[in-house]
Amino acid sequence: MQIRNAIRQTLTAELAPAHLEVHNESAMHNVPPGSETHFKVVAVSEVFTGRSRVARHRLVYGLLAAQLAGGHSVLLSPDNQPTNRRPQRARRRNPNAIAK
C-alpha cells in the first residue's frame, strides 16, 4: 500500500482533485501476490481544464516520476469534468479464450 498511498498523496497535493481513484491492479498481472506494480488512476481536476488529453497525461506522469522510477505502471484517466467521463462498457468474454 506504500506506492498506492504515495500516488494518492502526490496527486491530491498537486491537483486538488474533485475526484480521485487509485486502484492497485497488480493482481491482474503475472507478479507475486501483494505486489504494487500496476495501478489505475482516475482523476478529475480543474487543473486539467484547457489541456489536451496528451498534456494531461504528461502532467500526471511528470508528477508521478518518483513513483514510476521503480518500474511501476500507471494507467491514467485524467479529466477536468466528471460529466466528461464515458461509462465503462462491460467487457465481453472471448468464448475461445482458455481460462487460467
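To start, this report covers the structure provided alongside it. Here the structure is a predicted model, which means the values were calculated and not measured.

What to know about the overall build of the chain
Each helix and strand counted, the chain has three helices and three strands in total. The buried share among the 100 residues of the chain stands at 29%. Contacts in the chain between residues at least 24 apart in sequence constitute 57% of all its contacts with a sequence separation of at least 6. Counting every atom, the chain has about 7300 Å² of accessible surface; 51% of that belongs to carbon and sulfur.

Structural notes on unusual backbone geometry
One non-glycine residue with positive phi stands out, namely Ala16, at about 45°. Mapped onto the elements of the fold, Ala16 is located in the loop between helix 1 (2-15) and strand 1 (19-24).

Side note on the sheet that holds strand 3 (residues 73-79)
Strand pairs in the sheet, formed through backbone hydrogen bonds, run parallel or antiparallel to each other. Taken in spatial order, the three strands of this open sheet run 1-2-3, and their pairing is mixed. The open sheet has two free edges, formed respectively by strand 1 and strand 3, since each of these has just one partner strand. Shown here is a sheet whose adjacent strand axes are inclined to one another by a mean of 10°, direction ignored. Judged from the six bridges that link them, strand 1 and strand 2 (residues 38-44) form a sheet pairing that is antiparallel. Directly across from His19, in strand 2, lies its bridge partner Val44. Across the sheet, helix 1 lies against strand 1, strand 2 and strand 3, angled at about 160° from strand 1, the strand it touches most.

Focus: the nonpolar core
One finds Ile7, Leu11, Val41, Val60, Leu64 and Val74 to be the most contacted residues of the largest nonpolar core, which totals 14 residues. Where this core is concerned, the elements lending two or more residues are helix 1, strand 1, strand 2 and strand 3. In contact with Ile7, not counting residues within four places along its chain, are Val22, Phe39, Val41, Leu64, Gln67 and Val74.

About the criteria used
- Residues numbered from 1 in each chain as written.
- Predicted model: local features only at pLDDT ≥ 70, side-chain atom pairs only at ≥ 80, totals over all residues.
- Heavy atoms only, no water.
- Helix = DSSP H or I, 4+ residues; strand = E, 2+ residues; numbered from the N terminus.
- Buried < 20%, exposed > 50% of the residue type's maximum accessible area, 1.4 Å probe, protein only.
- Contact = heavy atoms within 4.5 Å.
- Areas by Shrake-Rupley, 256 points an atom, 1.4 Å probe, with all protein chains shown as cover.
- Pairing = 2+ DSSP bridges.
- Axes fitted to C-alpha atoms, helices over the stretch in contact; angles between N-to-C directions.
- Core = buried A, V, L, I, M, F, W, Y, C linked by side-chain atoms within 4.5 Å.

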